[in-house]
Amino acid sequence: MLGTTRRVYRTAVALDAAIYHLHDPELIPAGLQLKRLGKQVVFDSHEDVPKQLLGKTYLGPLGRRLLPGAFAIAERHACHRFDGIVAATPTIRDKFIRINRHTIDVNNFPLLGELGATQADASWSEKRRQVCYVGGIAASRGAREIVHACALLTSDARLSLAGAPSEPGLMEELRRTGGWSRVDELGFVDRAGVRDVMRRSMAGLVTLHPLVNYLDALPVKMFEYMAAGIPVIASGFPLWRSIVEGNGCGLCVDPLDPGAIAKAVDFLVTHPDAARRMGQNGRRAVLHHYNWSSEEKKLCGFYAALA
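Bear in mind the structure is a predicted one, so any value in this text is a computation, not a measurement.

Observations concerning the packing of aromatic side chains
All chains considered together, the criterion is met by six aromatic pairs. Among the aromatic residues, those joined into a cluster by ring pairs are F109, F223 and Y290. Across from the ring centre of W124, 5.0 Å away, lies the NZ or CZ of K127, which sits over that ring.

Regarding helix 9 (residues 220–227)
Three or four residues apart is the spacing at which side chains of an α-helix point the same way, because the helix has 3.6 residues per turn. Most of helix 9 sits out of view: seven of its eight residues are buried. All of the buried residues in helix 9 are K221, M222, F223, E224, Y225, M226 and A227. Where helix 9 is buried, its residues contact strand 5 (130–134), helix 8 (191–200), strand 8 (204–206), strand 9 (232–235), helix 10 (238–244) and helix 12 (272–288). Positive phi shows up at G229, right after helix 9, with a value of about 80°.

With respect to the nonpolar core
Among the nonpolar cores identified, the biggest contains 61 residues, and M222, Y225 and M226 are the most heavily contacted of them. Take this core: its biggest share by element is six residues, from helix 11 (residues 258–270). If sequence neighbours within four positions are ignored, Y225 has contacts with C132, Y133, V134, M198, G204, L205, V206, I230 and V232. Counting residues in each nonpolar core, the second largest holds 22 residues, with Y20, L27, L34 and A78 among its members.

Side note on helix 2 (residues 28–36)
If you check which residues of helix 2 are buried, you get I28, A30, G31, L32 and L34. Next to the buried residues of helix 2 lie helix 1 (3–15), strand 1 (19–22), strand 2 (40–45) and helix 4 (60–81). Trailing helix 2 by a residue or two, G38 shows a phi angle of about 85°, which is positive.

So, the sheet that holds strand 2
Taken in spatial order, the four strands of this open sheet run 1-2-3-4, and their pairing is parallel. Only two strands of the sheet have a single partner each, and these edge strands are strand 1 and strand 4 (103–105). Each adjacent strand pair in this sheet contributes to an overall mean axis angle of 20°, direction not counted. Note that strand 2 and strand 3 (residues 84–87) share four bridges and pair parallel. Its bridge partner lying in strand 3, V42 is registered against G84. Sitting on the sheet, helix 2 is in contact with strand 1 and strand 2, with an inclination near 160° to strand 2.

So, the pattern of salt bridges
All told, the structure shown has 18 salt bridges when counted by the stated rule. Residue D105 is joined to K298 by a salt bridge in which the shortest nitrogen-to-oxygen separation is 3.3 Å. Separated by 193 residues along the polypeptide, D105 in strand 4 and K298 in helix 13 (residues 292–306) bring together distant segments of the chain. Its salt-bridge partner being R199, residue D196 comes within 2.7 Å of it at the nearest N-O pair. Taken together, the residues span about one helical turn, with D196 and R199 both in helix 8 at a distance of three residues. With relative accessibility at 26%, the residue D196 sits in the partly exposed group. Given a relative accessible area of 33%, R199 falls into the partly exposed group. Residues participating in the shared-partner salt-bridge network are R93, D94, D105, E295 and K298.

Rules and cut-offs
- Residues numbered from 1 in each chain as written.
- Predicted model: local features only at pLDDT ≥ 70, side-chain atom pairs only at ≥ 80, totals over all residues.
- Heavy atoms only, no water.
- Phe/Tyr/Trp six-rings, centres within 6.5 Å; stacked < 30°, edge-to-face > 60°.
- Lys NZ or Arg CZ within 6 Å of the ring centre and 35° of its normal.
- Buried < 20%, exposed > 50% of the residue type's maximum accessible area, 1.4 Å probe, protein only.
- Helix = DSSP H or I, 4+ residues; strand = E, 2+ residues; numbered from the N terminus.
- Contact = heavy atoms within 4.5 Å.
- Core = buried A, V, L, I, M, F, W, Y, C linked by side-chain atoms within 4.5 Å.
- Pairing = 2+ DSSP bridges.
- Axes fitted to C-alpha atoms, helices over the stretch in contact; angles between N-to-C directions.
- Salt bridge = Lys/Arg side-chain N within 4 Å of Asp/Glu carboxyl O.

Right, here's the structure in full:
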(Lines give C-alpha, C1' and ligand atoms only; values in the text may rest on other atoms or scores of the structure.)
Protein backbone atom coordinates (compact mmCIF):
# COMPACT_ATOMS: atom_id res chain seq x y z
CA MET A 1 0.00 0.00 0.00
CA LEU A 2 3.01 2.31 0.29
CA GLY A 3 5.88 1.26 -1.96
CA THR A 4 3.68 -0.02 -4.76
CA THR A 5 1.46 3.05 -4.81
CA ARG A 6 4.53 5.30 -5.10
CA ARG A 7 5.75 3.24 -8.05
CA VAL A 8 2.31 3.45 -9.66
CA TYR A 9 2.36 7.23 -9.31
CA ARG A 10 5.85 7.57 -10.80
CA THR A 11 4.86 5.33 -13.72
CA ALA A 12 1.65 7.31 -14.22
CA VAL A 13 3.59 10.58 -14.44
CA ALA A 14 6.06 9.05 -16.90
CA LEU A 15 3.20 7.90 -19.16
CA ASP A 16 1.90 11.47 -19.40
CA ALA A 17 -1.65 10.31 -20.19
CA ALA A 18 -4.64 12.60 -20.63
CA ILE A 19 -6.96 10.54 -18.42
CA TYR A 20 -6.10 8.30 -15.47
CA HIS A 21 -8.55 5.68 -14.22
CA LEU A 22 -7.74 4.51 -10.67
CA HIS A 23 -9.18 1.26 -9.40
CA ASP A 24 -7.90 0.92 -5.82
CA PRO A 25 -8.74 3.12 -2.82
CA GLU A 26 -5.08 3.31 -1.81
CA LEU A 27 -4.39 5.16 -5.09
CA ILE A 28 -6.64 8.09 -4.13
CA PRO A 29 -3.64 10.18 -2.86
CA ALA A 30 -1.87 9.50 -6.18
CA GLY A 31 -5.01 10.69 -7.97
CA LEU A 32 -4.93 13.98 -6.05
CA GLN A 33 -1.28 14.43 -6.99
CA LEU A 34 -2.12 13.82 -10.65
CA LYS A 35 -4.90 16.41 -10.42
CA ARG A 36 -2.34 18.93 -9.18
CA LEU A 37 -0.37 18.20 -12.37
CA GLY A 38 -3.43 19.17 -14.41
CA LYS A 39 -4.47 15.62 -15.34
CA GLN A 40 -8.00 14.25 -15.61
CA VAL A 41 -8.62 11.57 -12.99
CA VAL A 42 -11.44 9.01 -12.72
CA PHE A 43 -11.92 6.95 -9.57
CA ASP A 44 -13.41 3.46 -9.96
CA SER A 45 -15.32 2.53 -6.82
CA HIS A 46 -15.84 -1.23 -7.08
CA GLU A 47 -16.87 -1.48 -3.41
CA ASP A 48 -18.31 0.79 -0.75
CA VAL A 49 -15.09 0.89 1.28
CA PRO A 50 -16.50 2.42 4.51
CA LYS A 51 -19.12 -0.35 4.61
CA GLN A 52 -16.48 -2.93 3.75
CA LEU A 53 -14.34 -1.79 6.68
CA LEU A 54 -17.26 -2.41 9.04
CA GLY A 55 -16.98 -6.11 8.23
CA LYS A 56 -13.22 -6.43 8.79
CA THR A 57 -13.06 -8.30 12.09
CA TYR A 58 -9.25 -8.09 12.20
CA LEU A 59 -9.51 -4.32 12.72
CA GLY A 60 -10.97 -4.81 16.19
CA PRO A 61 -13.92 -2.88 17.70
CA LEU A 62 -12.07 0.45 17.89
CA GLY A 63 -10.77 0.24 14.34
CA ARG A 64 -14.21 -0.65 12.97
CA ARG A 65 -15.67 2.31 14.82
CA LEU A 66 -13.13 4.93 13.71
CA LEU A 67 -11.72 3.91 10.32
CA PRO A 68 -14.96 3.85 8.25
CA GLY A 69 -15.82 7.42 9.23
CA ALA A 70 -12.28 8.68 8.68
CA PHE A 71 -12.08 7.03 5.26
CA ALA A 72 -15.51 8.39 4.27
CA ILE A 73 -14.33 11.95 4.98
CA ALA A 74 -11.14 11.49 2.94
CA GLU A 75 -13.10 9.80 0.15
CA ARG A 76 -15.59 12.68 -0.11
CA HIS A 77 -12.77 15.24 -0.16
CA ALA A 78 -10.93 13.51 -2.99
CA CYS A 79 -13.85 12.30 -5.10
CA HIS A 80 -15.39 15.77 -5.20
CA ARG A 81 -12.19 16.93 -6.93
CA PHE A 82 -11.88 14.08 -9.42
CA ASP A 83 -13.24 14.44 -12.95
CA GLY A 84 -15.58 11.50 -12.64
CA ILE A 85 -16.55 8.41 -10.69
CA VAL A 86 -17.27 4.97 -12.09
CA ALA A 87 -19.31 2.86 -9.65
CA ALA A 88 -19.64 -0.92 -9.85
CA THR A 89 -23.31 -0.98 -8.79
CA PRO A 90 -26.30 1.38 -8.87
CA THR A 91 -26.21 1.57 -5.07
CA ILE A 92 -22.60 2.81 -5.07
CA ARG A 93 -23.49 5.20 -7.92
CA ASP A 94 -26.28 6.73 -5.84
CA LYS A 95 -23.82 7.33 -3.01
CA PHE A 96 -21.24 9.09 -5.19
CA ILE A 97 -23.57 11.12 -7.35
CA ARG A 98 -24.20 13.31 -4.31
CA ILE A 99 -20.44 13.92 -4.12
CA ASN A 100 -19.63 14.22 -7.82
CA ARG A 101 -22.34 14.73 -10.47
CA HIS A 102 -20.09 13.09 -13.10
CA THR A 103 -20.83 9.61 -11.76
CA ILE A 104 -22.07 6.54 -13.64
CA ASP A 105 -22.51 2.88 -12.78
CA VAL A 106 -20.72 0.30 -14.95
CA ASN A 107 -21.81 -3.13 -13.80
CA ASN A 108 -19.46 -6.10 -14.04
CA PHE A 109 -21.76 -8.24 -16.18
CA PRO A 110 -20.42 -11.18 -18.23
CA LEU A 111 -19.34 -11.15 -21.87
CA LEU A 112 -21.91 -12.72 -24.15
CA GLY A 113 -20.80 -16.11 -25.37
CA GLU A 114 -17.86 -16.55 -22.99
CA LEU A 115 -19.67 -19.09 -20.81
CA GLY A 116 -22.32 -20.28 -23.25
CA ALA A 117 -24.84 -17.44 -23.10
CA THR A 118 -25.35 -17.33 -26.87
CA GLN A 119 -26.29 -20.99 -27.20
CA ALA A 120 -29.91 -21.60 -28.11
CA ASP A 121 -30.13 -24.29 -25.43
CA ALA A 122 -27.50 -25.50 -23.00
CA SER A 123 -26.87 -29.23 -23.33
CA TRP A 124 -28.07 -31.01 -20.20
CA SER A 125 -26.83 -34.34 -21.50
CA GLU A 126 -23.39 -33.37 -20.16
CA LYS A 127 -24.65 -32.59 -16.69
CA ARG A 128 -23.52 -34.54 -13.67
CA ARG A 129 -25.34 -34.71 -10.37
CA GLN A 130 -23.25 -31.88 -9.00
CA VAL A 131 -23.40 -28.21 -8.15
CA CYS A 132 -20.49 -25.81 -8.20
CA TYR A 133 -18.97 -22.92 -6.34
CA VAL A 134 -16.53 -20.83 -8.36
CA GLY A 135 -14.61 -17.94 -6.78
CA GLY A 136 -12.54 -16.91 -3.80
CA ILE A 137 -12.92 -19.38 -0.92
CA ALA A 138 -13.55 -17.49 2.31
CA ALA A 139 -15.64 -17.85 5.44
CA SER A 140 -17.57 -14.66 4.63
CA ARG A 141 -18.41 -16.15 1.21
CA GLY A 142 -20.09 -19.13 2.84
CA ALA A 143 -17.34 -21.74 2.51
CA ARG A 144 -18.08 -23.42 5.85
CA GLU A 145 -21.83 -23.56 5.28
CA ILE A 146 -21.69 -25.03 1.78
CA VAL A 147 -19.31 -27.81 2.86
CA HIS A 148 -21.42 -28.50 5.94
CA ALA A 149 -24.48 -28.60 3.66
CA CYS A 150 -22.88 -31.47 1.76
CA ALA A 151 -23.15 -33.61 4.89
CA LEU A 152 -26.90 -32.95 5.01
CA LEU A 153 -27.73 -33.89 1.41
CA THR A 154 -30.33 -36.61 0.90
CA SER A 155 -29.44 -36.95 -2.80
CA ASP A 156 -26.15 -38.21 -4.21
CA ALA A 157 -25.13 -34.72 -5.35
CA ARG A 158 -21.52 -33.56 -5.15
CA LEU A 159 -19.94 -30.11 -4.90
CA SER A 160 -17.26 -28.91 -7.32
CA LEU A 161 -15.24 -26.34 -5.40
CA ALA A 162 -13.17 -24.15 -7.73
CA GLY A 163 -11.05 -21.31 -6.44
CA ALA A 164 -8.21 -20.31 -4.18
CA PRO A 165 -8.55 -19.79 -0.40
CA SER A 166 -8.11 -16.26 0.90
CA GLU A 167 -7.67 -17.16 4.57
CA PRO A 168 -4.85 -19.22 6.13
CA GLY A 169 -5.97 -22.50 7.62
CA LEU A 170 -9.45 -22.42 6.12
CA MET A 171 -8.93 -25.27 3.64
CA GLU A 172 -7.50 -27.52 6.36
CA GLU A 173 -10.59 -26.80 8.46
CA LEU A 174 -12.92 -27.54 5.54
CA ARG A 175 -11.18 -30.83 4.81
CA ARG A 176 -12.00 -31.93 8.37
CA THR A 177 -15.69 -31.06 7.93
CA GLY A 178 -18.12 -33.97 7.64
CA GLY A 179 -19.35 -32.99 4.19
CA TRP A 180 -15.88 -32.95 2.63
CA SER A 181 -16.30 -36.48 1.26
CA ARG A 182 -18.87 -34.98 -1.16
CA VAL A 183 -16.49 -32.21 -2.34
CA ASP A 184 -14.30 -32.27 -5.43
CA GLU A 185 -11.55 -29.74 -4.72
CA LEU A 186 -10.39 -28.23 -8.02
CA GLY A 187 -8.18 -25.38 -6.81
CA PHE A 188 -7.70 -22.35 -9.03
CA VAL A 189 -9.04 -22.84 -12.57
CA ASP A 190 -8.67 -20.61 -15.64
CA ARG A 191 -11.58 -19.28 -17.69
CA ALA A 192 -11.75 -22.41 -19.84
CA GLY A 193 -11.84 -24.46 -16.64
CA VAL A 194 -14.64 -22.30 -15.25
CA ARG A 195 -16.67 -22.92 -18.40
CA ASP A 196 -16.14 -26.67 -18.10
CA VAL A 197 -17.13 -26.75 -14.42
CA MET A 198 -20.33 -24.86 -15.11
CA ARG A 199 -21.14 -26.99 -18.16
CA ARG A 200 -21.07 -30.12 -16.00
CA SER A 201 -22.98 -28.61 -13.06
CA MET A 202 -26.72 -28.42 -12.42
CA ALA A 203 -26.53 -25.24 -10.29
CA GLY A 204 -24.11 -22.62 -9.04
CA LEU A 205 -23.76 -21.42 -5.45
CA VAL A 206 -23.31 -17.80 -4.41
CA THR A 207 -24.26 -17.84 -0.72
CA LEU A 208 -22.32 -14.92 0.70
CA HIS A 209 -22.89 -13.94 4.32
CA PRO A 210 -25.23 -11.01 5.10
CA LEU A 211 -22.41 -8.50 5.67
CA VAL A 212 -23.17 -4.86 5.05
CA ASN A 213 -20.83 -4.64 2.04
CA TYR A 214 -22.47 -7.66 0.36
CA LEU A 215 -26.15 -6.78 0.72
CA ASP A 216 -26.23 -4.39 -2.27
CA ALA A 217 -23.38 -5.97 -4.24
CA LEU A 218 -23.83 -7.53 -7.68
CA PRO A 219 -21.47 -10.52 -7.65
CA VAL A 220 -20.27 -11.34 -11.16
CA LYS A 221 -20.40 -15.07 -10.38
CA MET A 222 -24.17 -14.94 -10.06
CA PHE A 223 -24.48 -13.56 -13.58
CA GLU A 224 -21.86 -15.97 -14.90
CA TYR A 225 -23.91 -18.90 -13.61
CA MET A 226 -26.92 -17.39 -15.36
CA ALA A 227 -24.88 -16.89 -18.55
CA ALA A 228 -23.85 -20.53 -18.43
CA GLY A 229 -27.51 -21.57 -18.33
CA ILE A 230 -27.52 -23.07 -14.83
CA PRO A 231 -29.80 -22.05 -11.94
CA VAL A 232 -28.45 -20.01 -9.06
CA ILE A 233 -28.61 -20.86 -5.36
CA ALA A 234 -28.16 -17.41 -3.84
CA SER A 235 -28.32 -15.60 -0.52
CA GLY A 236 -31.80 -14.25 0.03
CA PHE A 237 -30.81 -10.58 0.21
CA PRO A 238 -33.64 -8.33 -1.06
CA LEU A 239 -31.66 -7.15 -4.12
CA TRP A 240 -30.49 -10.64 -5.04
CA ARG A 241 -33.96 -12.08 -4.46
CA SER A 242 -35.43 -9.52 -6.86
CA ILE A 243 -32.98 -10.70 -9.56
CA VAL A 244 -33.14 -14.45 -8.94
CA GLU A 245 -36.83 -14.83 -8.20
CA GLY A 246 -37.81 -11.95 -10.49
CA ASN A 247 -36.25 -13.79 -13.42
CA GLY A 248 -37.20 -17.27 -12.21
CA CYS A 249 -33.59 -18.37 -12.48
CA GLY A 250 -32.87 -20.06 -9.16
CA LEU A 251 -33.55 -20.40 -5.45
CA CYS A 252 -32.80 -18.02 -2.58
CA VAL A 253 -31.74 -19.38 0.81
CA ASP A 254 -30.51 -18.28 4.20
CA PRO A 255 -26.72 -18.38 3.62
CA LEU A 256 -26.08 -19.14 7.30
CA ASP A 257 -28.29 -22.26 7.25
CA PRO A 258 -26.54 -25.34 5.79
CA GLY A 259 -29.82 -27.22 5.93
CA ALA A 260 -31.52 -24.68 3.66
CA ILE A 261 -28.58 -24.84 1.23
CA ALA A 262 -28.72 -28.65 1.20
CA LYS A 263 -32.46 -28.61 0.57
CA ALA A 264 -32.01 -26.29 -2.44
CA VAL A 265 -29.24 -28.49 -3.87
CA ASP A 266 -31.34 -31.64 -3.41
CA PHE A 267 -34.33 -30.04 -5.13
CA LEU A 268 -32.43 -28.93 -8.23
CA VAL A 269 -30.49 -32.19 -8.61
CA THR A 270 -33.64 -34.32 -8.27
CA HIS A 271 -35.81 -32.02 -10.44
CA PRO A 272 -33.70 -31.62 -13.58
CA ASP A 273 -36.59 -30.28 -15.70
CA ALA A 274 -37.18 -27.45 -13.21
CA ALA A 275 -33.44 -26.78 -12.99
CA ARG A 276 -33.20 -26.65 -16.77
CA ARG A 277 -36.08 -24.15 -17.02
CA MET A 278 -34.44 -21.94 -14.40
CA GLY A 279 -31.16 -22.12 -16.27
CA GLN A 280 -32.89 -21.11 -19.51
CA ASN A 281 -34.55 -18.17 -17.73
CA GLY A 282 -31.23 -16.98 -16.35
CA ARG A 283 -29.51 -17.22 -19.72
CA ARG A 284 -32.36 -15.27 -21.31
CA ALA A 285 -32.02 -12.52 -18.68
CA VAL A 286 -28.30 -12.23 -19.43
CA LEU A 287 -28.91 -12.06 -23.17
CA HIS A 288 -31.48 -9.29 -22.76
CA HIS A 289 -30.05 -7.26 -19.90
CA TYR A 290 -27.23 -8.49 -17.66
CA ASN A 291 -24.39 -8.45 -20.22
CA TRP A 292 -21.27 -6.42 -20.87
CA SER A 293 -22.40 -4.99 -24.23
CA SER A 294 -24.67 -2.37 -22.66
CA GLU A 295 -22.18 -1.53 -19.93
CA GLU A 296 -19.36 -1.09 -22.48
CA LYS A 297 -21.37 1.62 -24.27
CA LYS A 298 -21.85 3.49 -21.01
CA LEU A 299 -18.14 3.41 -20.21
CA CYS A 300 -17.06 4.51 -23.69
CA GLY A 301 -19.62 7.33 -23.60
CA PHE A 302 -18.29 8.43 -20.23
CA TYR A 303 -14.73 8.66 -21.59
CA ALA A 304 -15.94 10.47 -24.70
CA ALA A 305 -17.57 13.13 -22.53
CA LEU A 306 -14.31 13.65 -20.62
CA ALA A 307 -12.29 13.88 -23.82
